[in-house]
Amino acid sequence: MRGRLLWVLVLVLLAAGCGGDTDPGGPVTLRFQSLAWQEESVRVNKELVAEWNATHSDVKVEYVQGSWDSVHDQLLTSFEGGEAPDVIHDASDDLADFAYGGYLADLTGLLPERLTRDIPRHSWETTTFGDGVYGVPFLQEPRVLIANATWLEESGVRIPTPEHPWTWREFREITDRLSGDGRYGVAWPLKEPVSVSLNLSLSAGGQLFHRGADGKVTVRFEEGDAVMPRTVHDQIATDRSAAPSTLGSGGSDTLPGFFGGRYAMVPLGFSYRQQIVQQAPEGFDWRVLPAPAGTDGLTQGVSPQTLSIAQDSPHQREAAQFIDFLLRPKNMVRLALGDWMLPTGTEALKDPALHTDEHDWATGTALAGRLRPAPAQSVRGYPEFKDKVATPAFQEYYSGAIGLSELRTRLERDGNLVLARYQR
């Protein structure tokens, strides 16, 4: 009898130790790793998780804080260790190797029609790899010119609008006109020069990566690819209208000089407006201007923020339901406002809060229809190409160490050698 009682006790203890997700009577628990970092954005994400949990007794969500600085390596480690979060916040240009590597679930058939219909096809292209869809693109931002409004008005230059932007040639002429006496028309923060150069080059017809009929990608640096880099190079080396000291800087590093009246304009992501509102001295008048336009108008590349589901998640359908909740139009607007970015959803973009003159929301929203997938979006091996080939080549070109011909040679010769290893 005593042995039988002991055996029953063992079974009870084993059952107690196998609770949580394996308990058929208990709630499912999803781990949602968010990369929100600004105070407003973190608060909105946590509020939405709390709202979900308050209305879903059978599926609970655990908020996990991640970091943009280390997300790629952290996710790779968690995938290989079988400990990846169920719902993954990332950016579309980081998904290719994870998608092709089998770490992310194909969302085809998992998402509701409402969501797939609401987000435009060109946005879905940023998360489509092969025949599958491996993320939901939900936030994006154009690169814009943040300008000292007083400086521009006093100079008498034409103020560009989304309807009548500056051309790249006009932009160069205006920055030259605004410069002198130790002040510069523009400061280019090019610590990470590759995505800026490629994405803004779309306006001039640049593409850099070309996919053949066999599906393989080759690098070709053509005239459209050269317009934006040549403009920056000439502003720095020829006109002296761009500050050379900011070439190795990040966007935030340029703000003190901008506020101090050293630069008339700084090309930054649309979300930098939040930092400017928080940090600008009292009375500083600034405004948002569209980036220069080329032969393809205001078209520019973006890599939207995304939500994906781990392939190893045992609760993919529940994870898709949570993503659908997060990205309902009103919730997508809340996420966009919290990050000072633009939603991808067409219904969310109609919200009046995104069309106000305050903080120039309307200017950014007017550019949403011209945002397209970044040129590197689906290129396998792009991280290595960027780190080992493109970043040093662009840095040396912008600093004047090499010319345009050498930049082209290195991107094409060395870049194609790198990409070839991923396409055998």
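Structure shown above.
The numbers attached to residues start from 1 for each chain and follow its sequence in the written order. For a predicted model such as this one, the threshold for reporting local features is a pLDDT of at least 70, and the threshold for listing and counting side-chain atom pairs is 80 or more; totals across whole chains, interfaces and linings nevertheless cover every residue. Here the side-chain values reflect all heavy atoms present in the structure, with hydrogen atoms and water set aside.

So, about the sheet that holds strand S1 (residues 28–34). The pairing criterion is simple: DSSP has to find at least two bridges between the two strands. Secondary structure counts use DSSP, requiring at least four H or I residues in a row for a helix and at least two E residues in a row for a strand, with both numbered from the N terminus. Sheet architecture is open: six strands sit in the order S2-S1-S3-S13-S6-S14, paired in mixed fashion. Both edges of this open sheet fall to strand S2 (59–65) and strand S14 (342–343), since each of them pairs with a single strand only. Across seven bridges, S1 lies against S2 in parallel orientation. Residue Phe32 lies in a different strand from S2, and its bridge partner there is Tyr63. By the convention used here, residues are in contact when the closest approach between their heavy atoms is within 4.5 Å. Inter-axis angles, ranging from 0 to 180 degrees, are taken between N-to-C directions of lines fitted to C-alpha atoms, where helices are fitted over the stretch in contact. Running at roughly 165° to S2, helix H2 (residues 39–55) makes contact with S1 and S2 of the sheet. Lying over the sheet, helix H3 (residues 71–80) contacts S1 and strand S3 (87–91), oriented at roughly 145° with respect to S3.

Moving on, we get to the packing of aromatic side chains. Two rings from Phe, Tyr or Trp (for Trp, the six-membered ring) form a pair when their centres sit within 6.5 Å of each other. Planes less than 30 degrees apart are called stacked, planes more than 60 degrees apart edge-to-face, and all others tilted. A full pass over the atoms with the stated rule returns 22 aromatic pairs. With 5.4 Å between their ring centres and 65° between their planes, Phe32 and Phe322 make a pair best called edge-to-face. Of this pair, Phe32 sits in strand S1 while Phe322 is found in helix H13 (residues 316–326), placing the two residues 290 residues apart along the sequence. Residues Phe32 and Phe322 agree in their burial class; the two are buried. Both rings, one in Phe209 and one in Phe385, keep their centres 5.3 Å apart while their planes meet at 70°; by these two values the pair is edge-to-face. Of this pair, Phe209 sits in strand S8 (residues 209–211) while Phe385 sits in helix H17 (residues 382–399), and the two are 176 residues apart along the sequence. Here Phe209 matches Phe385 in class, with each residue buried. Any residue under 20% of the maximum accessible area for its type is buried, any over 50% is exposed, and the rest in between are partly exposed; the area is computed with a 1.4 Å probe on protein chains only.

Here a helix's expected span is defined as the number of its residues, less one, multiplied by 1.5 Å. Compared with an ideal rise of 1.5 Å per residue, which puts 17 residues at 24 Å, H2 spans 25 Å between its outermost C-alpha atoms and is within 8% of the ideal. Of the positions making up H2, those classed as buried are Ser41, Val42, Val44, Asn45, Leu48, Val49, Trp52 and Asn53. Elements in contact with the buried residues of H2: S1, S2, H13 and helix H14 (329–339).

A few words on the environment of Asp97. Structurally, Asp97 is set in helix H4 (residues 96–100). When the C-alpha atoms of Asp97 and Ala36 are compared, they prove to be 23 Å apart, with 61 residues separating the residues in sequence. Other than its neighbours up to four places away in sequence, Asp97 contacts Arg380, Gly381 and Pro383.

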